[in-house]
Amino acid sequence: QVQLVESGGGLVQPAGSLRLSCAASGSISRVNTMAWYLRAPGKQREFVAAITSGGTTNYADSVKGRFPISRDNAKNTVYLQMNSPKPKETAVYYCNAEIRQVGSVSDYVHWGQGTQVTVSS
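What you see is a predicted model, and the numbers here were worked out from it, not measured in a lab.

1. Remarks on the state of the cysteines
Step number 1: Enumeration according to the criterion identifies one disulfide in this entry.
Step number 2: A sulfur-sulfur distance of 2.1 Å marks the disulfide that ties cysteine 22 to cysteine 95. The S-S bond linking cysteine 22 to cysteine 95 shows a torsion near -80°; that makes this disulfide left-handed. Pair noted here: cysteine 22 is in strand 3 (residues 17–26) and cysteine 95 is in strand 9 (residues 91–101), with a separation of 73 residues, a long-range link. In this structure, cysteine 22 and cysteine 95 share a single accessibility class: buried.

2. Describing the side chain of threonine 90
Step number 1: Positionally, threonine 90 belongs in the loop between strand 8 (77–83) and strand 9.
Step number 2: A residue is classified by how much of its surface remains accessible, and threonine 90, at 17% relative accessible area, is buried.
Step number 3: A polar contact of 3.0 Å, which involves the side chain of threonine 90, links it to the backbone oxygen of proline 87.
Step number 4: There is a polar contact of 2.8 Å between the side chain of threonine 90 and the backbone nitrogen of valine 119.

3. Here we look at the pattern of salt bridges
Step number 1: Enumeration over the complete set of coordinates arrives at four salt bridges.
Step number 2: Residue arginine 30 pairs with aspartate 107 through a salt bridge whose shortest N-O separation is 3.5 Å. Placement of arginine 30 in strand 4 (residues 28–39) and of aspartate 107 in strand 10 (residues 107–111) is noted, with a sequence separation of 77 residues between them.
Step number 3: A relative accessible area of 39% places arginine 30 in the partly exposed class.
Step number 4: Put simply, lysine 64 and aspartate 61 hold a salt bridge, and the shortest N to O gap is 3.1 Å.

4. Quick look at the nonpolar core
Step number 1: Formed by 31 residues in total, the largest nonpolar core has its most connected members in Trp36, Val48, Leu80 and Tyr93.
Step number 2: Contributions of two or more residues to this core are made by strand 1 (2–7), strand 3, strand 4, strand 5 (46–51), strand 8, strand 9 and strand 11 (115–119).

5. Examining the environment of alanine 35
Step number 1: You can see alanine 35 is positioned in strand 4.
Step number 2: Along the primary structure alanine 35 and glycine 112 are separated by 77 residues, whereas in three dimensions their C-alpha atoms are 11 Å apart.
Step number 3: Ignoring any residue separated from it by four or fewer positions in sequence, one finds alanine 35 in contact with Ala49, Ala50, Ile69, Tyr94, Cys95 and Asn96.

6. Brief notes about the sheet that holds strand 1
Step number 1: Spatially, the four strands line up as an open sheet ordered 1-3-8-7, and their pairing is antiparallel. Edge positions in the sheet fall to strand 1 and strand 7 (69–72), since each of these pairs with one other strand and no more. Looking at each pair of strands side by side, their axes are set apart by 20° on average, direction ignored.
Step number 2: Bridge count for strand 1 against strand 3 is six bridges, and the pairing is antiparallel. Each residue of the ladder has a partner; that of valine 2, found in strand 3, is glycine 26.

Rules and cut-offs
Residues numbered from 1 in each chain as written. Predicted model: local features only at pLDDT ≥ 70, side-chain atom pairs only at ≥ 80, totals over all residues. Heavy atoms only, no water. Disulfide = S-S within 2.5 Å. Helix = DSSP H or I, 4+ residues; strand = E, 2+ residues; numbered from the N terminus. Buried < 20%, exposed > 50% of the residue type's maximum accessible area, 1.4 Å probe, protein only. Polar contact = N/O pair within 3.5 Å; in protein donor to acceptor, adjacent residues only side chain to side chain. Salt bridge = Lys/Arg side-chain N within 4 Å of Asp/Glu carboxyl O. Core = buried A, V, L, I, M, F, W, Y, C linked by side-chain atoms within 4.5 Å. Contact = heavy atoms within 4.5 Å. Pairing = 2+ DSSP bridges. Axes fitted to C-alpha atoms, helices over the stretch in contact; angles between N-to-C directions.

Here it is in structure tokens:
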């Protein structure tokens, strides 16, 4: 069984910063792309950023230059550094990872439970 656990959410001011973490654990053979999504109140979940196991990154246009994504492959952990977040980015942030479990020949996408981020002064 595989679990993704996010942490680091909370209240942040628009001029501030916050770092989210998401750790994958369980019977893992390898972790491929890891990503962050957000779901604002009353809206659909939307893509924020992604990073491959080799370090290639991809960002939503709205967060480019403000929310760098990084990962520690040894820890199966992905990070999202939220710099100068906007009030409209108040949302539940979800971690997503494509994982191959030990003994499997296929990769499956797993989701974390989400962590609340509130951007307010």
